[in-house]
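Listed below, chain by chain, are the residues.
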Number of protein chains: 2
Amino acid sequence: MVERADAARNRRAILLAAERLLAERGVEHVSLDEVAAAAGVGKGTVFRRFGNRTGLMRALVEQRTMAMIEALSDGPPPLGPGAPPLERLIAFLDAVTELATANVALIAAYEHALTNEEHAERSRQSSPLYQAWHRHVAGLIVQARPDLDGELLAHILLGSLHSDLVRHLLARGESERLNRTLRYLASTLLAAPATRTGSA
Amino acid sequence: MVERADAARNRRAILLAAERLLAERGVEHVSLDEVAAAAGVGKGTVFRRFGNRTGLMRALVEQRTMAMIEALSDGPPPLGPGAPPLERLIAFLDAVTELATANVALIAAYEHALTNEEHAERSRQSSPLYQAWHRHVAGLIVQARPDLDGELLAHILLGSLHSDLVRHLLARGESERLNRTLRYLASTLLAAPATRTGSA
DNA sequence: GTACTATCCGGACCGTCAGTCCGTCTATCC
DNA sequence: GGATAGACGGACTGACGGTCCGGATAGTAC
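Being a predicted model, the structure only gives us computed values, none of them experimental. (Residues numbered from 1 in each chain as written. Chains lettered and ligands numbered in written order. Predicted model: local features only at pLDDT ≥ 70, side-chain atom pairs only at ≥ 80, totals over all residues. Heavy atoms only, no water.)

Draft legend 1. Inspection of the side chain of Arg145 of chain A at higher detail. Mapped onto the secondary structure, Arg145 of chain A falls in the loop between α7 (128–144) and α8 (150–159). Within the structure, the side chain of Arg145 of chain A is placed 3.0 Å from the backbone oxygen of Leu189 of chain A, a separation counted as a polar contact. (Helix = DSSP H or I, 4+ residues; strand = E, 2+ residues; numbered from the N terminus. Polar contact = N/O pair within 3.5 Å; in protein donor to acceptor, adjacent residues only side chain to side chain.)

Put into structure tokens, the structure is as follows:
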């Protein structure tokens, strides 16, 4: 059964209203009651559509990141397949920094909702979005440097995009600085192993 | 005026109860009502002592980290002053990994409480504990590599201790793996600049 | 021991919010 | 036009963080 027209209309209205409110007030100052009111629907409708607060936030974030995720596997290089690992990694970091920068409020809302979840294995790492990103980065690292712990390093790299830090930097208008350091970090890590003790 | 004996007794009881409950159930399943009940005091007492949820969590965390923070400036090398930067950095990462590993529940509780705070400049980065750590790490990086963005790299390094990730690794009994990769990362970063394009 | 007071105690109370429930309404299909 | 699956909305619930204040008590002075 296809989604009824009124349902589709309401879903759009809710997403739109949520996005607006989230941008206007902070993450913490938007209740689902308000979202419902702003969208001109009942609260029940919000929950029927999105399950819970996290569901709504996830829908918002996915809306903004889907295109990029698809470009990772199907798009043109260097983001998509075809370029050497370091180039792809840098392209990815650029793209993800830009996304994170443009959507701090949204991502903060999503992460926050996640950490408030019940389920044992909540937490950032278990969200499908994060997993897709992580798989990608870990894969690239391992391709270039099979001797490293790509999986863990990918977590650490992605960790620097925690909305906390991004917000901190954005508040001072320094998102470009984040990007520069990430690029540096990536190049240093992927460079051919130096003759040095203590390799991983 | 010195703290009254009953007040001191209650403070200890509350800290103890909170710690126990936090370890038993998860972060999200401990309300201050319960802490009060478990400590055998009224709820008002908890709030008078610690101000709010965050205050209680902070007190718990500080209890566990004070010793290490003092060792950074006053203890023997390599943790304290006297050893070369890389050694000190590695000693610090060892110490902090151990702390984070041993106190995931506590730290998760603290971070979570922080992100629920009202104030604009909440967030991890603004807690005094984090700032002390950050200052230390950033200082060491700059000492060894004045050409790098030590401040930001310090954020990224510390970011890998976000309780999220630590919990993720601990759940699989791999805290030693985290430590190994951090050591590697630190050594690579602090190594003398290679002849490479794209330096920060 | 008594009296006095600064401080603390406890738990009833409040406002807010995520999430549920169910009687009513309506888009869609025939 | 009528039947019905599914959507609608908003009152309701339960939980929680935080406040308040009348009553209790540690500490002190004598």
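Once the structure has been displayed, the description carries forward.
Draft legend 2. Looking closely at the protein's contact with DNA strand D. The full set close to DNA strand D counts 22 residues, and Asn10, Gly44 and Thr45 of chain A together with Lys43 and Arg53 of chain B are the nearest of them. Sugar and phosphate atoms constitute 57% of the interface atoms of DNA strand D, taking the interface as everything within 4 Å of the protein. Between DNA strand D and Asn10 of chain A, the relevant distance is 2.3 Å, taken from a phosphate oxygen to a side-chain nitrogen or oxygen of the residue. Within the side chain of Arg48 of chain A, a nitrogen or oxygen atom sits 2.9 Å from a phosphate oxygen of DNA strand D. Of all the secondary-structure elements, those providing two or more residues to the surface near DNA strand D are α1 (5–24) and α3 (43–50) of chain A together with α1 (5–24) and α3 (43–50) of chain B. Counting residues per element, the surface near DNA strand D draws most heavily on α3 of chain A, at five residues. (Near = heavy atom within 4 Å.)

Draft legend 3. Geometry of the relation of the copies chain B and chain A. With an RMSD of 0.1 Å, the operation that places chain B on chain A is a rotation of 180° combined with a shift of 0.0 Å along the axis. When the rotation and shift are considered jointly, the pair of chain copies conforms to a two-fold rotation axis. Proximity to the rotation axis, assessed at the C-alpha, singles out Gly159 of chain B in chain B; its C-alpha lies 3.0 Å from the axis. Mapped onto chain A, 100% of the interface residues of chain B again fall at the interface, so both copies present the same surface. (Least-squares fit on C-alpha atoms with pLDDT ≥ 70 in both. Contact = heavy atoms within 4.5 Å.)

Draft legend 4. Region of the structure containing the packing of aromatic side chains. Residue and element names in this part refer to chain A. For the structure shown, the criterion picks out two aromatic pairs over all chains. Ring plane angle 75° and centroid distance 6.2 Å describe the contact between Phe92 and Trp133, whose orientation is recorded as edge-to-face. In this pair, Phe92 is assigned in helix α5 (residues 85–102) and Trp133 in helix α7, connecting sequence segments 41 residues apart. By relative accessible area, Trp133 is classed as buried at 10%. (Phe/Tyr/Trp six-rings, centres within 6.5 Å; stacked < 30°, edge-to-face > 60°. Buried < 20%, exposed > 50% of the residue type's maximum accessible area, 1.4 Å probe, protein only.)

Draft legend 5. The packing of α5 of chain A against helix α10 (residues 175–190) of chain A, seen in detail. Residue and element names in this part refer to chain A. Between α5 and α10, whose axes approach to 10 Å, the crossing angle comes to 155°. In terms of their interaxial angle, α5 and α10 are classed as roughly antiparallel. Two packed elements cross with a definite hand, and for α5 against α10 that hand is right-handed. Across from Pro85, Leu86, Leu89, Ile90, Leu93, Asp94, Thr97 and Thr101 in α5, the residues of α10 making contact are Ser175, Leu178, Asn179, Leu182, Arg183, Ala186, Ser187 and Leu190. The class makeup of the residues in the contact of α5 with α10 is nine nonpolar, five polar and two charged. (Axes fitted to C-alpha atoms, helices over the stretch in contact; angles between N-to-C directions. Parallel < 35°, antiparallel > 145°, perpendicular 65-115°, else oblique. Left-handed = near helix turned anticlockwise from the far one by under 90°. Nonpolar A, V, L, I, M, F, W, Y, C, P; charged D, E, K, R; others polar.)

Draft legend 6. Up close: the packing of α1 of chain A against α3 of chain A. All names here are of chain A. Contact pair α1 / α3: the axes reach a minimum separation of 10 Å and the direction vectors enclose 95°. Our classification of the angle between α1 and α3 gives roughly perpendicular. Contacts between α1 and α3 involve Ala7, Asn10, Arg11, Ile14 and Leu15 from the former and Thr45, Val46, Arg49 and Phe50 from the latter. By residue class, the composition of the contact of α1 with α3 is five nonpolar, two polar and two charged.

Draft legend 7. Layout of the UniProt feature "DNA-binding region" (unreviewed entry) in chain A. UniProt feature "DNA-binding region" (unreviewed entry): in the numbering of this structure it lies at residues 31–50 of chain A. Between the C-alpha atoms that bound residues 31–50 of chain A there is a distance of 14 Å. The span itself is 80% helix and 0% strand. (UniProt positions renumbered as here; feature names shortened; annotations may be inferred.)

Draft legend 8. Molecular detail of the UniProt feature "domain: HTH tetR-type" (unreviewed entry) in chain A. Within the UniProt annotation, "domain: HTH tetR-type" (unreviewed entry) is assigned to residues 8–68 of chain A. In this annotation, residues 8–68 of chain A is assigned 80% helix and 0% strand; the end-to-end C-alpha distance for the span is 24 Å.

Draft legend 9. Seen up close, the protein's contact with DNA strand C. The full set close to DNA strand C counts 22 residues, and Lys43 of chain A together with Arg4, Asn10, Gly44 and Thr45 of chain B are the nearest of them. What you see for DNA strand C is that sugar and phosphate hold 58% of its atoms within 4 Å of the protein. Interatomic distance of 2.5 Å between a side-chain N/O atom of Lys43 of chain A and a base oxygen of DNA strand C. Separating a phosphate oxygen of DNA strand C from a side-chain N or O atom of Arg48 of chain B is a distance of 2.8 Å. Secondary-structure elements contributing two or more residues to the surface near DNA strand C are α1 and α3 of chain A together with α1 and α3 of chain B.

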